[in-house]
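# Coordinate inspection notes
Listed below are the residues making up each chain.
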Amino acid sequence: SSGAQGTAIANALVRAGAEVVFITGPTEVSLPVGARVVKILTADEMFAAVHEALPCDVAIFAAAVADWRVASQSKSKIKKTNGKLPVIDLTENRDILASIAKMDEGRPALVIGFAAETDDLLANAKAKFAQKGCDWIFANDVSPENSIMGGVENAVTLITSSGSEIWERMSKDDVAIKVVQKITETLGRG
């Protein structure tokens, strides 16, 4: 992901007066102004940084962290051998969103995830919502023809335990403002 939606949300939270810790992998998007920025390179580093940033009131997971990583890195170049493809074993990255959403102690009051999907948007997002244990999931269709990934606009569907709410396509900044408004309403702050 480009990081644009997460950065827009962080900027909107800062403007609303929140203290923001922004944990990010490499991105070409400008970093949020007024947030404490923590730069990471790997999913393992992001997992550790998120847990180190606790406690917090609201945790928002907008990063598109890879589900898989190479199980072990070769210490030397993997050479071509008679046209045979190398076998590369994969292992699953730890689930950062679920690890926070399912905390027994110190869980944030509101845990929010994003479901970037290319197929069966609502079905996959609802399954992710149920599996992760978070309070909200924002589902967005990132199929190439939608120009969402890396674009300036987004169209999301908010999924909660009480149902879903479609947010029509708008700028990522406007999505961020609506996210902050929804958080404020939910937590009774403002």
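Here's what I pulled together on the structure shown here. Computed from a predicted structure; not experimentally measured. (Residues numbered from 1 in each chain as written. Predicted model: local features only at pLDDT ≥ 70, side-chain atom pairs only at ≥ 80, totals over all residues. Heavy atoms only, no water.)

### Points about the overall build of the chain
When helices and strands are counted, the chain shows five helices and nine strands. Each helix and strand of the chain, placed in order from N terminus to C terminus, yields the pattern α-β-β-α-β-β-β-α-β-α-β-β-β-α. In terms of overall dimensions, the chain is globule-like: its C-alpha atoms have a radius of gyration of 18 Å, near the 16 Å expected for 190 residues. Projected onto its principal axes, the C-alpha coordinates of the chain cover approximately 65 × 35 × 35 Å. In the chain, buried positions account for 34% of the 190 residues. A total accessible area of about 11,600 Å² is found for the chain, and carbon and sulfur atoms account for 50% of it. Separation between the mean location of the 20 positive side-chain charges and that of the 24 negative ones in the chain comes to 7 Å. (Helix = DSSP H or I, 4+ residues; strand = E, 2+ residues; numbered from the N terminus. Rg over C-alpha atoms; globule rule 2.2 N^0.38 Å. Buried < 20%, exposed > 50% of the residue type's maximum accessible area, 1.4 Å probe, protein only. Areas by Shrake-Rupley, 256 points an atom, 1.4 Å probe, with all protein chains shown as cover. Lys, Arg positive; Asp, Glu negative; His and termini not counted. Charge placed at Lys NZ, Arg CZ, Asp CG, Glu CD.)

### A word on helix α4 (residues 121–132)
With 12 residues, α4 ought to run about 16 Å at 1.5 Å a step, and its terminal C-alpha atoms sit 16 Å apart, in line with that. Of the residues making up α4, those classed as buried are A125, F129 and K132. Buried residues along α4 cover an arc of 85° about the axis, so they all sit on one side. What points out from α4, more than 90 degrees from its buried face, is the exposed set A123 and A130. The inward-facing, buried residues of α4 abut α3 (96–101), β6 (110–117), β7 (136–141) and β8 (153–160). (Expected span 1.5 Å × (residues − 1). Arc of directions from axis to C-beta. Contact = heavy atoms within 4.5 Å.)

### Let's talk about the nonpolar core
Counting 22 residues, the largest nonpolar core has W136, F138, W167, V179 and I183 as the members making the most contacts within it. Elements with a minimum of two residues in this core: α1 (4–15), β6, β7, β8, β9 (163–171) and α5 (172–187). When near neighbours in sequence (up to four residues on either side) are disregarded, F138 contacts I112, G113, F114, A115, V156, T157, L158, W167 and V179. Within the second largest apolar cluster, 20 residues are counted, among which are I23, F61, I100 and A125. (Core = buried A, V, L, I, M, F, W, Y, C linked by side-chain atoms within 4.5 Å.)

### Quick look at α5
In this model α5 runs 22 Å from its N-terminal to its C-terminal C-alpha over 16 residues, within 8% of the 22 Å that 1.5 Å per residue would give. For α5, the full list of buried residues reads K172, V175, A176, V179, V180, K182 and I183. For α5, the angular spread of the buried residues around the axis is 160°, confining them to a single face. Here the buried face of α5 lies against α1, β3 (58–61), β6, β7, β8 and β9. G188 sits one or two residues past α5 and shows a positive phi near 70°.

### Notes on the packing of α1 against α5
Helix-helix packing is characterised by the crossing angle of the two axes and by the distance between the axes. At a minimum axis distance of 8 Å, the contact between α1 and α5 shows a crossing angle of 50°. Considering the angle they form, α1 stands oblique to α5. As α1 runs across α5, the sense of the crossing is right-handed. Side by side, α1 and α5 meet where A4, Q5, A8, I9, A12, L13 and R15 of the first sit next to K172, D173, V175, A176, I177, V179, V180 and I183 of the second. Among the residues making up the contact of α1 with α5, the classes are represented as 11 nonpolar, one polar and three charged. (Axes fitted to C-alpha atoms, helices over the stretch in contact; angles between N-to-C directions. Parallel < 35°, antiparallel > 145°, perpendicular 65-115°, else oblique. Left-handed = near helix turned anticlockwise from the far one by under 90°. Nonpolar A, V, L, I, M, F, W, Y, C, P; charged D, E, K, R; others polar.)

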